[in-house]
Amino acid sequence: MLLGLGGGPRGAAMGSDRQRWATLYPELGTGPVSTEPCISPAFYEREKERVFKKVWLKVARDEELPKPGDWKVKKLHFADTSIILIRGKDGVVRGYHNICSHRGNQVIVEHGDEMFGANRAAVVTCRFHGWVYDAHGKLVHVPSEERFYACFEKEKNGLTAVRTDTWEGFVFVNLDPDGRESLRDYLGAYAEHMRGFPYGELDSCHTYHTYLRCNWKVAHDAFAEAYHVDTIHAGTLPNVFSTGLANVKLFGPHRTSAVCLRPGEHFRPVQKIADAIGGGYTVIHHRATMLPLTINPDHRTDFSFELSVLFPNLLIHVSEGLWFTHQFWPLAHNLTRWEGKYYARKPLTNSQAWALHSAQILFRNAWLEDTGTMEATQVALSSGVRKVMNLQDDEVLVRHGYHVLDRYVNA
Ligand code: FES
Ligand SMILES: [Fe+2]
């Protein structure tokens, strides 16, 4: 089945239904796409400087820091730094580089790429010599302060702030000290499209992460199309999804689309039971009680979930009763930390707990199938034998990604 035409920002597509996205977005072109951005260390160096150190990046969810004094440390390898996010007594989450103004120790000594903690006084203390900073980044206590010299300016030696802002419970940072663009401006119309979903209410989170020996885009791209579902997901989701996309919309560097069910989809009976018990723990629930009006505006009965990409490295998917994200953190040109998170409403009964567990296993298995391709792709691309990738029309989100990246990296 060919999916119906989505109303893009420019209205309905014209021309052949088989190349509907190329017709709607001719500026993306139709030619092959270079593999260089996925295998070149030099490209990665430019990407770090011109993308990851310049744009807003989601680093946390509000629910990870529910109370004043709660903190999270997030390692950002691409910038050789890590940040402390701490919720102040005023309820605001602020971000700082995790470096002490005394002799440069990590204020919170890190074990791994993410750490969580809490301090009810809403301060953090460097364990080396005990300097204490409050949630506004202010240096509030220096042991033996009287032994520092007159030139020491305590008020100028707080934590080094990072621009931090929140949208729909997603906490973002921007590492560019000279950056002027606000988070709202960066998100642009994407924020209008994806806002209003009850992200914070569906807060039972099941999360996975692993390190993949591939470029972050190889991992990202494998989740940004539905062309692969008949092959890669033949085990978990056979004959469930259409391989095309619907309602593709481009919002500046960001993009979104709808993934739809195949006519007469073949979800397994146990999956349907789990979904019915949970009121939408899988992506087959057809009632639309919580989707914003911008999502599935045509009220398609085969709508399954919205697949959106928030440039550069975050995919947000929403569906009735659940939402899930994938995020891709580069550690090197050929090494990526992937984080997959599945969110749904907390179960209230034993049968709902079973249904949620069943749905989580389904997602885990599907994600294992997805991640199973990535390292092999990187090995083959790195051979340099093929210089380009050939993308079809329903890989338009992937194509747009490289188009945007080229603008940022080579502008
Ligand atoms: S390095 Fe932090 S208190 Fe000395
Ligand atoms: Fe997949």
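Residues numbered from 1 in each chain as written. Chains lettered and ligands numbered in written order. Predicted model: local features only at pLDDT ≥ 70, side-chain atom pairs only at ≥ 80, totals over all residues.

## Some words on the overall build of the chain
Point 1. In terms of regular secondary structure, the chain is built from 11 helices and 19 strands.
Point 2. Taking 411 residues into account, the globule formula puts the C-alpha radius of gyration at 22 Å, and the chain, at 23 Å, falls close to it.
Point 3. Reported as C-alpha extents along the three principal axes, the dimensions of the chain are approximately 75 × 55 × 40 Å.
Point 4. Relative to its full complement of 411 residues, the chain shows a buried share of 42%.
Point 5. A separation threshold of at least 6 residues defines the contact pool for the chain, and within that pool the share at least 24 residues apart is 66%. (Helix = DSSP H or I, 4+ residues; strand = E, 2+ residues; numbered from the N terminus. Rg over C-alpha atoms; globule rule 2.2 N^0.38 Å. Buried ≥ 20, exposed ≤ 12 C-beta atoms within 10 Å, placed from the backbone. Contact = placed C-beta atoms within 7 Å.)

## Observations concerning the confidence of the model for the chain
Point 1. When pLDDT is averaged across the chain, the result is 93; 96% of the residues are at 70 or more.
Point 2. Of the regions scoring below 50 in pLDDT, residues 1-15 engages in 30 contacts with residues more than four places distant in sequence or in other chains. (pLDDT = per-residue confidence, 0-100.)

## So, helix 10 (residues 374-382)
Point 1. What helix 10 keeps buried is the set Met374, Gln378 and Leu381. Projected onto a plane normal to the axis of helix 10, the buried residues spread over an arc of 70° and lie on a single side. Facing away from the buried surface of helix 10 by more than 90 degrees, the exposed residues are Ala376, Val379 and Ala380.
Point 2. The inward-facing, buried residues of helix 10 contact helix 2 (36-39), strand 12 (204-212), helix 6 (216-223) and helix 9 (350-371).
Point 3. Once helix 10 ends, the next one or two residues include Gly384, with phi positive near 75°. (Arc of directions from axis to C-beta.)

## Structural notes on the sheet that holds strand 16 (residues 314-319)
By way of backbone hydrogen bonds, the strands of a sheet pair with one another, either parallel or antiparallel.
Point 1. Here 7 strands make up an open sheet; going across it, the order is 12-18-17-16-15-14-13 and the pairing antiparallel. Of all the strands in the sheet, the pair left with one neighbour each is strand 12 and strand 13 (246-251). Here the average twist between neighbouring strands, direction ignored, is 15°.
Point 2. Strand direction decides the pairing type here: strand 14 (residues 254-260) and strand 15 (residues 303-310), joined by 6 bridges, are antiparallel. Note that in strand 15 the partner of Thr256 across the bridge is Ser308. (Pairing = 2+ DSSP bridges. Axes fitted to C-alpha atoms, helices over the stretch in contact; angles between N-to-C directions.)

## Some points on the nonpolar core
Point 1. In this structure, Ile84, Leu85 and Ala219 are the most contacted members of the largest nonpolar core, which totals 105 residues.
Point 2. Residue assignment places this core across two domains, with domain 1 (17-40 + 190-410) and domain 2 (57-180) each supplying three or more.
Point 3. Ile84 has contacts with Trp71, Val73, Gly95, Tyr96, Asn98, Val107, Ile108 and Val124, leaving out every residue within four places of it along the chain. (Core = buried A, V, L, I, M, F, W, Y, C linked by C-beta atoms within 7 Å. Domains from an automatic or database assignment.)

## Some thoughts on the environment of Thr81
Point 1. Structurally, Thr81 can be placed in strand 4 (residues 81-87).
Point 2. Sequence spacing of Thr81 and Gly158 is 77 residues, and the spatial spacing of their C-alpha atoms is 17 Å.
Point 3. Excluding its chain neighbours within four sequence positions, the residues that come into contact with Thr81 are Leu76 and His97.

## A look at the domain arrangement of the chain
Point 1. The assigned domain composition of the chain is domain 1 (17-40 + 190-410) and domain 2 (57-180).
Point 2. Distance from the C-alpha centre of domain 1 to the C-alpha centre of domain 2: 33 Å.
Point 3. In this assembly, 13 residues from domain 1 lie in contact with 10 residues from domain 2.
Point 4. Tallying contributions element by element places strand 17 (residues 322-332) first for the side of domain 1 that touches domain 2, with 4 residues.
Point 5. Of the residues assigned to the side of domain 1 that touches domain 2, the class counts are 7 nonpolar, 3 polar and 3 charged. (Nonpolar A, V, L, I, M, F, W, Y, C, P; charged D, E, K, R; others polar.)

## Regarding the packing of helix 6 against helix 10
Helix-helix packing is described using two parameters, namely the angle between the two axes and the distance between the axes.
Point 1. At their nearest, the axes of helix 6 and helix 10 sit 9 Å apart, and the two run at 130° to each other. Compared by their axis directions, helix 6 and helix 10 come out oblique. Every pair of crossing elements has a handedness; the one defined by helix 6 and helix 10 is right-handed. Residues Val218, Ala219 and Ala222 of helix 6 touch helix 10, and the partners they reach there are Met374, Thr377 and Gln378.
Point 2. Class assignment for the residues of the contact of helix 6 with helix 10 results in 4 nonpolar, 2 polar and no charged. (Parallel < 35°, antiparallel > 145°, perpendicular 65-115°, else oblique. Left-handed = near helix turned anticlockwise from the far one by under 90°.)

## Observations regarding the sheet that holds strand 3 (residues 70-76)
Point 1. In space, the 7 strands of this open sheet follow the order 2-11-10-5-4-3-6, with antiparallel pairing throughout. The open sheet terminates on both sides in strands that have one partner only, identified here as strand 2 (57-61) and strand 6 (114-118). The sheet shows a mean angle of 25° between the axes of neighbouring strands, taken without regard to direction.
Point 2. Two elements, strand 3 and strand 6, share 5 bridges in a ladder whose sense is antiparallel. Within strand 6, the residue paired with Asp70 across the bridge is Ala118.

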